[in-house]
Amino acid sequence: LSAITEPHTSYVGSSERKHNGDRFLTGRVEYINDVVLPGTVHMAVLRSPHAHARIVRVDTTKAKNAPGVVAALSGEDARSLCNPIPHFIDPAAFGGKTAEVRVLAVDKVIYQGQPVAAVVAATAGDAQAALDLIEVEYEPLQAVVHGGAASAEGATLIHEEWGDNVVITVPFVEGDVDAALEQADHVIEETLQIQRYSSQSIEPRGYVASWDESSEMLTFHGAVQNPHPLRFVLAKALNLDEGQVRVIASSLGGAFGLKMHGHPEEPLTCVFSRLTGRPVKWIEDRRETLLVGGREHSHCITVGFTNDGKVTALRDHFIANIGALGATPGWGMAFLTALSFPTGYKIPNTDCVVTAVTTNKAPWNATRGYGKEGTNLVMERVMDMVAARTGIDPAEVRRRNFIGKDEFPYKTNSGLNVDSGDYHALLDKVLDLVDYDSLREQQAKAREEGRHIGIGIAFELTPEAADIPGSLVTGFDTSTVRMDPSGKVLLLTGVTTPGSGNDTSMMQIVADELGVLLSDVTVIQGDTTVCPYGFGHFSGRSMVVGGNAALLAAGDIKQKLVKVAAAMLEADEADIRLGQRMATLASDPEKSIPIADVAYAVYSLTFIFAKGVEPPLESTRVYMPDNIDHTPDEKGRIQPYPTYSNAIHAAVVEVDVETGKVTLERLAVGHDCGTVINPLYVEGQMEGAIAMGVGAGLTEEQRYDDEGNFISNSFKRYLLPRAKDMPSIEMVHQVTPSPFTLLGVKGAGEAGIGGAQSAIANAVHDALAPLGVTVRKMPLTPATVLDAIEEARR
Amino acid sequence: MIKGAFDYHTPASLEEAASALASVDGEVSVISGGTWVVPEMTHGVRRPRAVVDLRRAGLGTVRRDNGAVAIGTTVTYSGLLAAPDGPAVLKVMASGVTGGKQVHNQGTLGGSACYANPSSDVPAALVGVDATLRLVRDGGSREIAAADFFRGSFKTALEPGELLSEILVPAEPQGRFGYYKFKFSESSWPIATATCLVGSDGRVARLSLGGVSTTPVLVSAATGAGEAGDVAAAVAATEFEPWTDGLADGGYRRRIAGVIAGRAFAAATRDGEGS
């Protein structure tokens, strides 16, 4: 650990441009659809038109005889060729219910869009055309669409053997909420409906599976986030040893959780490749990407507080409509929403209970924020309700309820051990950034002119770098650093990249530690045969675990270089400094030797200069952050997150009260993710997440009709923000390093969605405060806002 | 990925186009820019046996025609914007069409008119400017007022074998136009549009609404109104079949229709061109 006690000045903390950015900008990067193997056939999937139906009969005979078709499978056919897909996170491991997930539906379909049959053909067009020739007879069943209806007495059951539609109920209760509500000066009861929405990477999913009969090896190229855990899943599903499976993650055009696995098409391409002996490609269509859901909660909130704005009690019993239970890790977001209460506020009495119900909508998958964005939205609406009732400024209400900077590490009611922060100072920074007092003056003037300007503030706590026990959502990772005889460095890591800058950032760490240039380092990620075992990217973990593991591995090599350089320069090891590709004596800077010469000596003059070190110059290290604790405490609570980045957002909006349309005027944020390795990427992550928060706040919604038909099946019906919808984002940083991670990093990437969405929601309410408007559902589309305005006028 | 094979015709003239259309058996789709037809074929929503692509048929010009402006059916939004004779209010409409440069360079007024999507700019704007559509078939042609052309959501007066060759817009009438479009966000289809001609007396001469109903709504009751409030009241008193799509229901569109009409009126009286 001597590594971090020495000053790092060159690369860490610097906004280095992405080392291979030119490949992306000039179109030379290989995305999954660029992977072309000889003899490839193309898969198309027939999907259920019904939300809920029995499958009476599937006949693929005509499809098999169609032009170009090589093979076709029904659910019954596939059942003998593929085991159920192992759950990424099985609810049964947490006391919930579980269900088998098959690559193609057998007996029954439980959501519109569920794969029912599939074909592979010479071209994707042939495969699509052949789908029309598959005969399926359905017997439609009553669809369960709404979360409330799913949990009601006598509801139609999706899994008859369950006895109800509840996947899991998880309570997080601390203190005595009833007593505290009794004693509170004020009590407010409210409801809040959070819409179903997801993340839509511009590159959809896609896979190329290739079974080699002679070696009995499966090579799986995929737009995937977690190659090693996926290898486990594919091996289980296909009855192979993990050693027979090689997963290679292609360059990703965004992931955001969508490309975490458990999707039926992953094993299905492999099944077809084994069946046909041909490589099988499947590229997702946007209509398919849009099916994958997330969030959708109905919150019932009761909050008790004092006249001076201190919150004493919070109850939130909410239903999460997780759609059909898939093998993807989406359902766990509902758990995390409940676990994350009450974010960064000290509330002595809390009673937060999630009931996750299954319905006939498509399954959720993980999506950036992983449920924590929902907690932040509820908490920030609560703080503004308290401010509105007490007449205390919303910023001041937050100040009075925040965890104090001297109280860290702070154990929350649900047992999370929040590492570090200074929320009060961060709030001041943001208020300064937007010149809050003058904003309020401008708002008052605008109101006199009949305009509806609103200012919204939102705090956001983002637990990062999760370790979920019993799953391969794991809180450590592994990196290998190798210096060749040429003095060049190869970094292999179990952390993967969604196309962001975690690769360059890790190179910066390694280059600093070894005293070489950034251009001396090559990084390889995402190949299970080449890279050390790791878990990929999720939960803002890349720097926390991958970066720190790389630092440790580079530190090992540094020690060897120093020893050998000392021998070559006939000097003390303590006198050696590495930098600018040179090993130099601190006491006599004239005496130096190129690091490349030292490296060459390790390999070529081993028995002369390197007797004291073990060649080669290679080390594989694991980083396990402190502050993860799965031994239940006296209240049965565990601590699955090592770090807690935080942010404070401010939004300024204008509401057109004649149409309900919200126009974003300003968005500002102060962000604290601990030590910043590369500001460019941290800011890029935050900007992207804020844009998602704008969509979440104003337009994005996956809508279904009452029969379970999916409506939002194109970007004309699912409205993502475009550049012109976004104001420029004003950003400041604060750094309170985590005391529990090596570099003091906390994880960046997820923060932004919940904060921006909450700040916008608060700003809209602030704008409409003179009209007494409360909007009880998200997103704040013009129609929803106009409804609320008209309701307030009645 | 387009399912299966189809015949593809690229006629080099209007006559060839009409005869190609007449010669095809079964379902045929006519492409002007292709921004609707091609995605629908990709999604298998539309499975024509033949496609007649008009882009080489010489219908891509904007010209003067006896006091009217004739806009060829394959004139793109960009093409209209660049045409010196392009009617000002249609230019305002074209500049705001959702989809950015790619759609502006590819999408056409004629194609959008024939697609007759209630959630689009072109149909109601053509009714607003009192355009006439020239429909051609093998061996004949006819003209029809825009107000009579749109027959329902995605339905027009085009008969089998007929294609739209030109849109005739009366030369700039006395007065000023305002065009106002309301949408949810940059990528949203129009939720409601209004095209308003205000005469030299400052009163409404003609007002049409788009997006609110299955077909463009000509608000005759607004004629003569001199205040935005009166315009809105006239809209409120007008019956029309509500239009609902995946973004907004008919009730919401009806509620804001009067406001949007009032804004088009205000745009016309303020600066002659709405936003």
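No experiment lies behind these values; they were computed from the predicted model shown. (Residues numbered from 1 in each chain as written. Chains lettered and ligands numbered in written order. Predicted model: local features only at pLDDT ≥ 70, side-chain atom pairs only at ≥ 80, totals over all residues. Heavy atoms only, no water.)

**Structural notes on the overall build of chain B**
Within chain B, the secondary structure is distributed over 10 helices and 14 strands. Taking 19 Å as the expected radius of gyration for a compact globule of 275 residues, we find that chain B reaches 18 Å, a close match to that expectation. Judged by the C-alpha coordinates and their principal axes, chain B covers about 55 × 40 × 30 Å. Buried positions account for 57% of the 275 residues belonging to chain B. At a minimum sequence separation of 6, the contacts of chain B that also span at least 24 residues come to 60%. Carbon and sulfur atoms provide 48% of the accessible area of chain B, an area that totals close to 10,900 Å². (Helix = DSSP H or I, 4+ residues; strand = E, 2+ residues; numbered from the N terminus. Rg over C-alpha atoms; globule rule 2.2 N^0.38 Å. Buried < 20%, exposed > 50% of the residue type's maximum accessible area, 1.4 Å probe, protein only. Contact = heavy atoms within 4.5 Å. Areas by Shrake-Rupley, 256 points an atom, 1.4 Å probe, with all protein chains shown as cover.)

**With respect to helix H13 (residues 394-401) of chain A**
All names here are of chain A. All of the buried residues in H13 are Pro394, Ala395, Val397, Arg398 and Asn401. When H13 is viewed along its axis, its buried side chains cluster within an angular range of 160° and face the same direction. Contacts from the buried residues of H13 go to strand E14 (311-321), helix H12 (372-390), helix H14 (423-434), helix H15 (436-448), strand E18 (453-464) and helix H21 (753-767). Put simply, Asp393 is the residue that caps the front of H13, since its side-chain oxygen is 2.8 Å from the backbone nitrogen of Ala395. (Arc of directions from axis to C-beta. Polar contact = N/O pair within 3.5 Å; in protein donor to acceptor, adjacent residues only side chain to side chain.)

**Looking at the confidence of the model for chain B**
Averaged over every residue, the pLDDT of chain B is 94; the share at 70 or more is 98%. The ipTM for the predicted assembly is 0.95, set against a pTM of 0.96. (pLDDT = per-residue confidence, 0-100.)

**Focus on the interface of chain B and chain A**
On the chain A side, the residues contacting the 25 residues of chain B number 28 residues. Both sides together, the interface formed by chain B and chain A hides about 2,400 Å², and carbon and sulfur atoms give 56% of it. On the chain B side of the interface with chain A, the three residues burying the most area are Glu186, Ser187 and Arg255 of chain B, jointly 24% of the side's total. In this assembly, chain B and chain A are joined by 6 salt bridges. (Buried area = accessible area lost by both parts, 1.4 Å probe. Salt bridge = Lys/Arg side-chain N within 4 Å of Asp/Glu carboxyl O.)

**Remarks on the sheet that holds strand E24 (residues 592-594) of chain A**
Residues and elements named next belong to chain A. Taken in spatial order, the 3 strands of this open sheet run E22-E23-E24, and their pairing is antiparallel. The sheet is open, and its two edges are formed by strand E22 (576-579) and E24, each paired on a single side. The average angle at which neighbouring strand axes cross in this sheet is 20°, direction not considered. Sheet topology note: the strand E23 (residues 582-585)/E24 ladder contains 3 bridges and is antiparallel. Its bridge partner lying in E24, Met582 is registered against Pro594. Its contacts with the sheet place helix H17 (residues 542-569) against E22, E23 and E24, and it is angled at close to 120° to E22. (Pairing = 2+ DSSP bridges. Axes fitted to C-alpha atoms, helices over the stretch in contact; angles between N-to-C directions.)

**Structural notes on empty space enclosed by the protein**
All names here are of chain B. Applying the stated criterion to the full structure yields 6 cavities of 30 Å³ or more. Taken as a whole, the largest cavity spans an internal volume of roughly 70 Å³. Taken together, 15 residues form the lining of the largest cavity, with Asn117, Pro118, Pro123, Thr215 and Pro216 sitting closest to its centre. Secondary structure elements with two or more residues in the lining of the largest cavity: helix H7 (122-128), strand E8 (150-152) and strand E13 (204-210). Considering only residue class, the lining of the largest cavity consists of 7 nonpolar, 8 polar and no charged. As a volume, the second largest cavity reaches approximately 60 Å³. (1 Å grid on protein atoms, 1.4 Å probe; cavity = no way out; pocket = protein on both sides within 12 Å on 5 of 7 lines; lining within 4 Å. Points joined across faces, edges and corners; volume = space filled by probe spheres on them. Nonpolar A, V, L, I, M, F, W, Y, C, P; charged D, E, K, R; others polar.)

**With respect to the nonpolar core**
All names here are of chain A. One finds Leu314, Val655 and Ile690 to be the most contacted residues of the largest nonpolar core, which totals 134 residues. Those residues within four positions of Ile690 in sequence are excluded, and the remaining contacts are His649, Leu667, Val669, Met726, Ile729, Gly752 and Ala756. Membership of the second largest hydrophobic core comes to 52 residues, among which are Leu518, Leu552, Ala553 and Ile677. (Core = buried A, V, L, I, M, F, W, Y, C linked by side-chain atoms within 4.5 Å.)

**Here we look at the environment of Val418 of chain A**
Residue and element names in this part refer to chain A. For Val418, the location among the structural elements is in strand E17 (residues 417-418). A relative accessible area of 0% means that Val418 is categorised as buried. As a C-alpha pair, Val418 and Asp406 span 12 residues in sequence and 12 Å in three-dimensional space. Every residue in contact with Val418, bar those within four places of it in the chain, is listed here: Phe408, Pro409, Tyr410, Thr412, Tyr423, Leu461 and Tyr644.

**Overview of the sheet that holds strand E20 (residues 489-493) of chain A**
All names here are of chain A. Reading across the sheet, the 4 strands line up as E21-E20-E19-E25 and stay open at both edges, with mixed pairing between neighbours. On the outer flanks of this sheet lie strand E21 (521-525) and strand E25 (617-623), each paired with one strand and no other. Strand-to-strand twist of the sheet, defined as the mean angle between neighbouring strand axes without regard to direction, takes the value 15°. Bridging between strand E19 (residues 477-483) and E20 involves 5 bridges; their strand directions are antiparallel. Looking at E20, one finds that Thr480 is bridged to Leu492. Of the strands in this sheet, E19, E20 and E21 touch helix H16 (residues 502-514), which is tilted by about 135° from E21. The sheet contacts of H17 involve E19, E20 and E25, and relative to E25 the element is tilted by about 145°.

**Notes on helix H18 (residues 595-604) of chain A**
Within H18 of chain A, burial applies to Ile595, Val598, Ala599, Ala601 and Val602 of chain A. Buried positions in H18 of chain A, seen along its axis, are confined to an arc of 155° and lie on one side of it.

**Considerations on unusual backbone geometry**
All names here are of chain A. In this structure, the amide linkage connecting Phe408 to the following residue, Pro409, adopts the cis form with an omega of -10°. Within the element layout of this structure, Pro409 appears in the loop between H13 and strand E16 (410-411). The amide bond that connects Pro615 to the next residue, Pro616, takes the cis arrangement and shows omega of -5°. Structurally, Pro616 is set in the loop between helix H19 (606-609) and E25. Phi is positive for Glu216, which is not a glycine, with a value near 55°. Looking at the secondary structure, you find Glu216 in the loop between strand E9 (206-212) and strand E10 (217-222). Here Glu216 falls in the partly exposed class, since its relative accessible area comes to 42%. For Glu296, which is not a glycine, the phi torsion comes out positive at approximately 75°. With respect to the element layout, Glu296 can be found in strand E13 (residues 295-305).

**With respect to the pairing of strand E12 (residues 280-283) of chain A**
All names here are of chain A. Where strand E1 (residues 41-47) and E12 come together, 2 bridges link them in parallel fashion. Bridged to Val41 within E12 is Val280. Relative to E12, E9 runs antiparallel, the two sharing 4 bridges. When the sheet's bridge partners are listed, Tyr207 is paired in E12 with Trp282.

**Things to note about the environment of Ile191 of chain B**
Residues and elements named next belong to chain B. If you trace the backbone, Ile191 turns up in strand E12 (residues 190-198). For Ile191 and Arg134, which are 57 residues apart along the polypeptide, the C-alpha to C-alpha distance reads 28 Å. For Ile191, the residues in contact, after removing those within four places along its chain, are Phe182, Lys183, Phe184, Gly210, Gly211, Val212, Leu247, Ala248, Tyr252, Arg253 and Ile256.

**Describing the packing of helix H22 (residues 782-793) of chain A against helix H10 (residues 250-270) of chain B**
For any two helices packed against each other, the geometry is given by the interaxial angle and the distance between the axes. Contact geometry of H22 of chain A with H10 of chain B gives a least axis separation of 11 Å together with a crossing angle of 75°. With respect to H10 of chain B, the axis of H22 of chain A lies roughly perpendicular. From H22 of chain A, Pro782, Ala783, Leu786, Asp787 and Glu790 of chain A reach across to H10 of chain B, where they touch Tyr252, Arg255 and Ile256 of chain B. Tallied by class, the residues present in the contact of H22 of chain A with H10 of chain B amount to 5 nonpolar, no polar and 3 charged. (Parallel < 35°, antiparallel > 145°, perpendicular 65-115°, else oblique.)

**As for the state of the cysteines**
Residues and elements named next belong to chain A. The final tally for this structure, using the stated rule, is 0 disulfides over all chains. With no disulfide partner, Cys270 has as its closest neighbouring cysteine sulfur the one in Cys82, 8.2 Å distant. According to the relative accessible area criterion, Cys270 is buried, its value standing at 0%. (Disulfide = S-S within 2.5 Å.)

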